[in-house]
Structure formats: C-alpha cells, structure tokens
Amino acid sequence: MADKVLSEKFTGIVIRQIVLNARRIVVLCFIVGVLSSVWAITRTPRWSAWAAAIVPGSTASSISSSMGALGLGDAMGGLAGLGSGMMPQPAGIDITLATQILGSRRVQERIILKYDLINRYKALNMERATKKFGQRFSVSLSPEGIIFITAEGGTRTEAAAMVNDIVIFANEELSTLVTSRSRRSRIQTEQTLTIAFDSLKASRDAMERFRTRTGLIFPEQQAVSMMDVMSSIEGEMVSTGAILSGLSGNLSARSAIYAQASAQYQYLENALRVRSTTGDSLSIFPVMDSMPVYLREYEALVVDLETRNAVYLLLRQELENLRIEESRESPTIEIIVPPTPEFLRSYPKRSVMVLTHVFIAFILSIVWLVFLTWFRSVLDSSESGPFVRSIQADLKNQFRRQKNGSEKK
C-alpha cells in the first residue's frame, strides 16, 4: 500500500489549517498583546529589596544548610548520628533556628500589621494576607551559611524597610525563644535578686527605724563621746567637791562662796545621775543604762544588713555574668549587606508579561486548530462519523424536549 502524500496526512492537514488561519491567529495574538499591555499598565507596581545576613559563630555544610533552610534541622541531627565521619556536623542549630524564625508566621504577621498589608492586599483576614505576603517574601540559605532575605514593597524605600524590620523582628523573637541553660539561670537569678532586694530593703527600713527611735546614728562613736562627757562631768564634780571640802573648814554654810560651790557640786551630781539613769530632753545622747542594749541591737542589725547587702551584690554580679554568657550563646542575625532595593521594579514585568501572554495565545490557537482538525476527521470517517452525528442529534433532541416540555408547562 503506497504511503499517503504529506497533504493527505493529519500533519499536513493541520499545517494547511494553520496557514489558512494565520491571519486570524495574528489578529488574536495582537489583541491579546494589546489587552495584556493595558492590563499590565493598570497593575500596582512593586519593587524588591534584598539583604544578606549571617549568624556569627555558626557555619554549616552545604547539606546541613539546605536542610536548615527547608526546616529540616531535626532530620539533620538524625543523619549525623549515622556516622560521625560521613559528613560534618552543622554548627547547626543556631543558623537553622535563625532561618526558621526569619520565615516564621509570627514575623510575617508583625510585618503585615506594621505596614497595614491586610487593607492594601484587600484580604479578608490575616490568613489570606499571610498567604499573599508569603508570595512576595523569601528567605534562602546559601551553602556558605549566608542568609538572603528578599521582600517586595510598594516603593523602593518601603521594600528596604521591610527587609530591615524582618531582621529586627527575628532578633527579638530569637531573644525570647532561646531556652539555653544560661537563659534559665539568668531568669532564676533575676527572681532571686528581686527577693534579695526586698530583703535588703526590709533590713534598711529596720535600721532606719532603730536610728529614729534611739537617736543613735553612729552608736559606737556616740557611746565614746558620751563616756567622754560623763568623764568630764565626773572630773568637774571631783574638783568642785574638793573645793567644797576646803571651804567647809574656813567658811560657814551661809557663806555665798560656800553656797555657790555647793550648788555647783549638786548640779554636777544630778547631771551625772540623770545621764546614767533616765536622761533629759536636752541631751543628744541616750542614757547610759540603755546603751549596752542599744549597741547589742545595733550590732545584730548591722550583721543582718551587711549579710543581705553581700548576698545582693553577689547575685547582681552573677546576673551580669549570666547576661554576658547568654548573649554569647544566643544566636543573633547580623546584616553584612544592608537592604538594597532593585533598580527595576519586580512587578509588573510588562515586556515579559506581554510576550508570555502572546505566546500562550499562539499555543492555544494551534491547539484549537489541531483539535478542530481531529474532530472533523472523526466526523468524516466512515466508521466513527455516523456514530458521532447520532450522538450529536440525540444530545440536541434532549435539550429540545426539555425546552418544549417547559414551554407546555
């Protein structure tokens, strides 16, 4: 059996149909190009910005970095356990955690709320706004351990600000999510320090009440000064008593000089007795009888105050050391290339969009012509043609019956 010529084959028929309808295809592609251009002009433009960041102290192999960027840090730990020499251990957890936090939903929600993207995206809820923002935001991790953050905004400045805020929010989340041993110790020490400060404050209040009640600001120095005063009074009293004894042999008790010496001696004696027992309102010192009790109470207060003060200072120093250790252990994201906006807009790419739509229209036109050619060949076939026509007739009759039935009703 001789082979058919190309014009009688299905491929030839399709080519002939394409040539015959070339003008229509060109017109369709032109209309699609014009509509695509108009549609691209009406789109709100977006600009993209990117930044490069690292986690200081963390390095990762290419395999571990890729797994970390995909959120497979736990799987990486399992693979590393199969053989210690097969692949390098990722320094791993820090950079993986930082990458996951950068792309986390909480960071995205904070960006959405700050820039009011729910209204700008015309989203009904946060879920849809997050889905749209996820299409305009990406975090990738290179094999060298460098994190690239990209975001799209309404302007170049806004896009760069979004990238910068993403890093800031991620660092804030990392500072609260890291549950290292130093962090737990620091939290416990802060609580203990608060209790120690309250205890120290209570001890200081007790010392203040003691000084207000007794008038002893520096009890030991005041006790020494009091002993000096009483010694001087007693010395004056002895001198006055000696003078009084000398005058008693030469002068009568009615003599003015003897009466003066006697009054002076009685005053000194009364002053010494008052300062030893009850005290008076003019004295700045407490009575001598109560001084030992006050000194004992003061010494107990001093020991308690110094002990609590030493505990507070020790806890304060320990807290500062724990904060330094925590900051050393906690992963932080540092930007090595600041947010840089792209010169050209990221959306819409009008040339690419028009060419893509025209190409799709052209392909669909070819597919439609191929389908029509195939369908006509099926209708013209002696084997399948009558069957397809009968199916078409039955289908038309079904719709006609329904229509006539509805009109009668």
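Here the residue numbering is sequential within each chain, running from 1 through the sequence in written order. Restriction of local features to residues with pLDDT of at least 70 applies here, the model being predicted, together with a cutoff of 80 or more for giving and counting side-chain atom pairs; totals for whole chains, interfaces and linings are based on all residues. Water and hydrogen atoms were dropped before computing side-chain values, which therefore reflect all heavy atoms in the structure.

Q: So what exactly am I meant to see when it comes to the pairing of strand β2 (residues 137–141) here?
A: Within a regular strand, side chains alternate between the sheet's two faces. Criterion used throughout: strands pair if DSSP finds at least two bridges between them. For helices the rule is a DSSP run of H or I covering at least 4 residues; for strands it is a run of E covering at least 2, with both sets numbered from the N terminus onward. Strand direction decides the pairing type here: β2 and strand β3 (residues 147–153), joined by 5 bridges, are antiparallel. Paired with F137 across the bridge in β3 is A151. Counted between consecutive antiparallel strands, the loop separating β2 from β3 contains 5 residues, among which G145 sits at a positive phi close to 90°.

Q: Which parts of the structure should I look at to understand the packing of aromatic side chains?
A: Any aromatic ring pair is given by two values, namely how distant the centres are and how the planes are angled relative to each other. Between 30 and 60 degrees the pair is tilted, below 30 it is stacked and above 60 it is edge-to-face, where a pair is any two Phe, Tyr or Trp rings, Trp via its six-membered ring, whose centres lie within 6.5 Å. Counted according to the given criterion, the structure contains 7 aromatic pairs. For the ring pair F197 and Y312, a centre distance of 5.7 Å and an interplane angle of 45° mean the geometry is tilted. Of the two residues, F197 is situated in helix α10 (residues 181–214) and Y312 in helix α13 (residues 291–329); the sequence distance between them amounts to 115 residues. Categorising residues by exposure relies on relative accessible area from a 1.4 Å probe, with only protein chains included: less than 20% of the type maximum marks a residue as buried, more than 50% marks it as exposed, and the intermediate range marks it as partly exposed. For F197, a relative accessible area of 38% translates into the label partly exposed. Taking the relative accessible area as the measure of exposure, Y312 reaches 15% and is therefore buried. Site record: aromatic cluster; members linked through ring pairs are W368, F371, W374 and F375. Lying over the aromatic face of F169, R110 brings its terminal NZ or CZ to 4.1 Å of the ring centre. Either the NZ atom of lysine or the CZ atom of arginine qualifies as a charge over a ring when it sits within 6 Å of the ring centre and within 35 degrees of the ring normal.

Q: Which parts of the structure should I look at to understand the nonpolar core?
A: Think of a nonpolar core as a cluster: buried Ala, Val, Leu, Ile, Met, Phe, Trp, Tyr and Cys residues, connected wherever their side-chain atoms sit within 4.5 Å. Counting 33 residues, the largest nonpolar core has I111, L117, F133, I149, I166 and I333 as its most contacted members. When contributions to this core are tallied by element, the ones reaching two or more residues are β1 (47–54), α5 (93–102), α6 (105–114), α8 (126–135), β2, β3 and α9 (156–177). Core analysis: the next-biggest nonpolar cluster, separate from the first, contains 7 residues, F210, M291, Y298 and L301 among them.

Q: What am I meant to see in helix α2 (residues 22–41) here?
A: Helical geometry: 3.6 residues make up each α-helical turn, so side chains three or four residues apart lie on a common side. In a helix, the anticipated span is given by 1.5 Å times the number of residues less one. The end-to-end C-alpha separation of α2 is 28 Å, in line with the 28 Å expected for 20 residues at 1.5 Å each. Those residues of α2 that sit buried are I25, C29, G33, S36 and A40. In a view along the axis of α2, the buried residues occupy a sector of 75°, so they form one face of it. Of the exposed residues in α2, the ones pointing more than 90 degrees away from its buried face are R23, R24, F30, L35 and I41. For this quantity, the arc is that covered by the directions from the helix axis to the C-beta atoms.

Q: Just to check I follow, could you spell out the layout of surface pockets for this structure?
A: Gaps left between atoms show up when a probe the size of a water molecule is rolled over them. The rule is simple: put a 1 Å grid over the protein atoms alone, call a set of points where a 1.4 Å probe fits but cannot get out a cavity, call an open set with protein on both sides within 12 Å along at least five of seven lines a pocket, and count a residue as lining if it has an atom within 4 Å of a point. Grid points are joined across faces, edges and corners, and a volume is the space filled by probe spheres set on the points. There is about 370 Å³ of room inside the largest pocket. What lines the largest pocket is a set of 16 residues, and nearest its centre among them are T44, R46, R120, Y121 and R136. Of all the elements in the fold, those that place two or more residues in the lining of the largest pocket are α7 (117–120), β3 and α9. Residue polarity is assigned by list, with Asp, Glu, Lys and Arg as charged and Ala, Val, Leu, Ile, Met, Phe, Trp, Tyr, Cys and Pro as nonpolar; anything else, Gly included, falls into the polar class. Partitioned by chemical class, the residues of the lining of the largest pocket number 5 nonpolar, 3 polar and 8 charged.

Q: What should I look at first to understand the packing of α10 against α13 in this one?
A: The geometry of a pair of packed helices is captured by two quantities: the angle between their axes and the separation between those axes. Running from N to C, α10 and α13 cross one another at 155°; their axes reach a closest spacing of 8 Å. Our classification of the angle between α10 and α13 gives roughly antiparallel. The handedness of the crossing between α10 and α13 is left-handed. Of the residues in the contact of α10 with α13, the class split is 18 nonpolar, 8 polar and 14 charged. Working convention: axes come from line fits to C-alpha atoms, limited for helices to the stretch in contact. Angles between N-to-C directions cover 0 to 180 degrees. Throughout this description, any angle smaller than 35 degrees is read as roughly parallel, any larger than 145 degrees as roughly antiparallel, any in the 65 to 115 degree range as roughly perpendicular, and the remainder as oblique. Should the near helix be turned counterclockwise from the far one by less than a right angle, the crossing is left-handed, whereas a clockwise turn marks it as right-handed.

Q: Help me understand the sheet that holds β1 in this model?
A: Taken in spatial order, the 4 strands make up an open sheet running β2-β3-β1-β4, and their pairing is antiparallel. Unpaired on one side and paired on the other, β2 and β4 (334–341) mark the two borders of the sheet. Put simply, the sheet's adjacent strands are angled 15° from each other on average, direction ignored. The strands touched by α9 within the sheet are β1, β2, β3 and β4, with β3 carrying the most contacts at an inclination of about 140°. When checking whether two residues touch, look at their non-hydrogen atoms; a contact exists if any pair is within 4.5 Å.

Q: In this structure, what is going on with the side chain of E152? I would like to understand it.
A: With respect to the helices, strands and loops of the structure, E152 is situated in strand β3. Looking at E152, the relative accessible area reads 15%, which means it is buried. Under the rule applied, a polar contact is a pair of N or O atoms within 3.5 Å (in protein, one hydrogen donor and one hydrogen acceptor; residues adjacent in sequence only if both atoms are side-chain atoms). Within the structure, E152 has its side chain in polar contact with the side chain of S346 (distance 3.5 Å).

Q: In this structure, what is going on with the confidence of the model for the protein chain? I would like to understand it.
A: Predicted coordinates in regions of low pLDDT should not be interpreted in detail. The share of residues in the protein chain with pLDDT of 70 or more is 77%, and the mean pLDDT across the chain is 78. Of the regions scoring below 50 in pLDDT, residues 60–91 engages in 33 contacts with residues more than four places distant in sequence or in other chains. A residue's pLDDT is simply how confident the predictor is in it, with values from 0 to 100.

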